[in-house]
Amino acid sequence: MLITRKAEFSASHICRNPGLSESENRELFGAAANPHGHGHNYVLEVTVEGAPDPVTGMVLDLKALKETLNREVVEIYDHRFLNREVPPFDHVIPTPENIAIDIWNRLQPHLNGPRGRLHGVRIYETPDLYVDYFGDAA
Amino acid sequence: MIGLVEVTRKYRFSASHRLHAPQLGPAENRELYGKCNNPFGHGHNYEIAVTVRGPVEALSGRAVDPELLDGLVRRQVLEPFEHRNLNEEVAAFRTAVPTSENLGREVLRRLKQNWLAVFPAGGVRLERVAIAETSRNAFEVSAHEIE
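A brief structural summary. (Residues numbered from 1 in each chain as written. Chains lettered and ligands numbered in written order. Predicted model: local features only at pLDDT ≥ 70, side-chain atom pairs only at ≥ 80, totals over all residues.)

### With respect to the environment of Cys36 of chain B
Residue and element names in this part refer to chain B.
Then comes step 1: Structurally, Cys36 is set in the loop between helix 1 (26-33) and strand 2 (42-54).
Then comes step 2: You can call Cys36 partly exposed: it has 18 C-beta atoms within 10 Å.
Then comes step 3: Expressed as a C-alpha distance, the spacing of Cys36 and His17, which sit 19 residues apart in the sequence, is 8.2 Å.
Then comes step 4: Non-local contacts of Cys36, meaning those with residues more than four positions away in its chain, are made with Leu19 and His42. (Helix = DSSP H or I, 4+ residues; strand = E, 2+ residues; numbered from the N terminus. Buried ≥ 20, exposed ≤ 12 C-beta atoms within 10 Å, placed from the backbone. Contact = placed C-beta atoms within 7 Å.)

### Focus on the pairing of strand 2 (residues 38-49) of chain A
Residues and elements named next belong to chain A.
Then comes step 1: The sheet contact formed by strand 1 (residues 2-13) and strand 2 spans 12 bridges and is antiparallel. Considered in strand 2, the bridge of Ser10 is made with Asn41.
Then comes step 2: In terms of strand pairing, strand 2 meets strand 4 (residues 117-126) through seven bridges, oriented antiparallel. Residue pairing across strands places Leu44 opposite Ile123, the latter belonging to strand 4. (Pairing = 2+ DSSP bridges.)

### Points about the interface of chain B and chain A
Then comes step 1: On the side of chain A, 21 residues touch chain B, which itself brings 18 residues to the contact.
Then comes step 2: The biggest single contributor to the side of chain B that touches chain A is strand 1 (residues 5-17) of chain B, with six residues.
Then comes step 3: Each residue belonging to the side of chain B that touches chain A can be placed in one class, and the counts come to nine nonpolar, four polar and five charged.
Then comes step 4: Where strand 5 (residues 129-133) of chain A and strand 1 of chain B come together, five bridges link them in antiparallel fashion. If you follow Tyr133 of chain A over to strand 1 of chain B, its bridge partner there is Val5 of chain B. (Nonpolar A, V, L, I, M, F, W, Y, C, P; charged D, E, K, R; others polar.)

### Concerning helix 4 (residues 96-107) of chain A
In an α-helix there are 3.6 residues to a turn, and that puts residues three or four apart on one side.
Then comes step 1: The first and last C-alpha atoms of helix 4 of chain A sit 16 Å apart over 12 residues, in line with the 16 Å expected at 1.5 Å per residue.
Then comes step 2: The buried fraction of helix 4 of chain A is high, at 10 of 12 residues.
Then comes step 3: Of all the residues in helix 4 of chain A, the buried ones are Pro96, Glu97, Asn98, Ile99, Ala100, Ile101, Asp102, Ile103, Trp104 and Leu107 of chain A.
Then comes step 4: Looking at the packing, one finds that the buried side of helix 4 of chain A touches strand 2, helix 2 (62-77), strand 4 and strand 5 of chain A together with strand 1 of chain B. (Expected span 1.5 Å × (residues − 1).)

What follows is the structure, encoded as structure tokens:
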């Protein structure tokens, strides 16, 4: 069974590769290369997989999942300049692809028990663009 | 080792259509398609979601250049479909009924047939297309279902 919990955070970022010239960055990333940064209201959907406990009828404690998302992601990402304040984005470009992978890496150690195993991370950069990551086995 | 990511981008267009199967009689068509069989046609604000799958490139940190994807979808789908009568103005729907099922397949077919002109072989792949005629219905077609 799959269970999805949603969380939101707002953050700023710059998408540019320091190994490329200004014009190459503009060509590759468009407006997202603006060196002053810009921001988004990100929406995160985290999906866990598991079987309901026969006694509680629950796969996992949703309150605990909410606290894990808050502690491991929202408190770290919310109202931050990702490139400057949230590693690894001091050296990894904070595209939604890399953000999905980073959030997976942050959550996976906490969601790998017999009840509730991390299945997927979906991050919406805007309502019209989202990225799914299902781990390195996918 | 980093796995593959899926990137999904949503687009919108508005178009009119009429659901009518020429193999069936007038009464059967009315029975089957209801209001959608109105001979004068009717329209929708369509929303499509295009999902691609690929590795994250080190240079860009991305799996797909959204501008390239937007350009392909604009040329192959949005421009030919936007504010059109699908039955009259899109060749595929002269023979196929423009249901959401067939529309989803046509969108996917157009993107798949023109994919390699934009994205090199061995890179990011077209995975699936979802289409919603209204917010109450959703249809999804996977790339492997279409030639």
